[in-house]
Amino acid sequence: MRKKRMGLRLEQRTTQVQTLRQRRVVLVTSLVLLLLFGGIFLINMSQHEEAMAANTVTWTNGTGNGNWNDAGNWSTGAIPGTNDIATFNTTTSNCLINANISISGIAITSSYTGTVTQQNGKTITLAASGFNQAGGTFNGGTSTIDINSGTFTLSNGTFTSTAGGIYIGGNYNSNVTLFTHSGGTFNHNNGLVAIDPSVNGWAGTPTFTVDVLTNTKFYDFLYNGSTCCNTNRLATA
């Protein structure tokens, strides 16, 4: 009887060890999945929060010198930063972008009748709020305009592109119109327009659209999409 009991205890202990190992495997697997999906969720949430957190900073030309890089020319008393949308609306005052800028976006509204000029040699970097023009005039310079995870929209006014090229890229995980010219005048200025989005491998096969008028003319146009596991598509409208 004693030997049988020892054998029974040994068998029970072996079963308990196997069960414990199985629980550990399940626990580790659960943690990996939690970190993986949690990381994706946090990335998506951070992108959403970045777009939601953008503040409107309005051009006033308060000092009268017309320079972007002067805090006194903005409604907040500060030069627009990475979470700000530089907005041009009721004023007629011109603006010279006389510094390299990195902001959430530029919005030129229909009520703006002035001119925004990119000084030669100065770069413009925009994030999720992108570039939107519904009035006024924009004159590009010789350096790049980068739009990261945002879009370009020209619905009215006159846009003369930069000779340094417009680059629209970043992460897009759903169908989106990256470049729109629905009204106004688009002058290519012998500059490149490059569409180079990247796609999360689990995001399916999103379609990227370029929506332009029949008279829209590009000097040079490049599409260079990249993806982890699927094929993204470019459509015209």
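Residues numbered from 1 in each chain as written. Predicted model: local features only at pLDDT ≥ 70, side-chain atom pairs only at ≥ 80, totals over all residues. Heavy atoms only, no water.

Draft legend 1. Spotlight on the overall build of the protein chain. Assigned secondary structure in the protein chain consists of one helix and 16 strands. For the protein chain, long-range pairs separated by at least 24 residues make up 50% of all intrachain contacts whose partners lie at least 6 apart in sequence. Within the structure as shown, the protein chain displays about 12,900 Å² of accessible surface, and the carbon and sulfur contribution to it stands at 52%. (Helix = DSSP H or I, 4+ residues; strand = E, 2+ residues; numbered from the N terminus. Contact = heavy atoms within 4.5 Å. Areas by Shrake-Rupley, 256 points an atom, 1.4 Å probe, with all protein chains shown as cover.)

Draft legend 2. Inspection of the packing of aromatic side chains at higher detail. Under the criterion given, the structure shown has 19 aromatic pairs. With a centroid separation of 5.4 Å and 75° between ring planes, the pair formed by Phe131 and Phe138 is classed as edge-to-face. Each member of the pair, Phe131 together with Phe138, is buried. For the pair Phe159 and Phe186, a centre-to-centre distance of 5.8 Å together with 10° between the ring planes defines the contact as stacked. Residue Phe159 is located in strand E8 (residues 152-160), and its partner Phe186 is located in strand E11 (residues 185-187); the two are separated by 27 residues in the primary sequence. (Phe/Tyr/Trp six-rings, centres within 6.5 Å; stacked < 30°, edge-to-face > 60°. Buried < 20%, exposed > 50% of the residue type's maximum accessible area, 1.4 Å probe, protein only.)

Draft legend 3. Structural view of unusual backbone geometry. Positive phi, normally seen in glycine, also occurs at Asn61, with a value near 55°. Non-glycine residue Asn189 carries a positive phi angle of around 55°. Structurally, Asn189 is set in the loop between E11 and strand E12 (192-199). By relative accessible area, which is 32% here, Asn189 ends up partly exposed.

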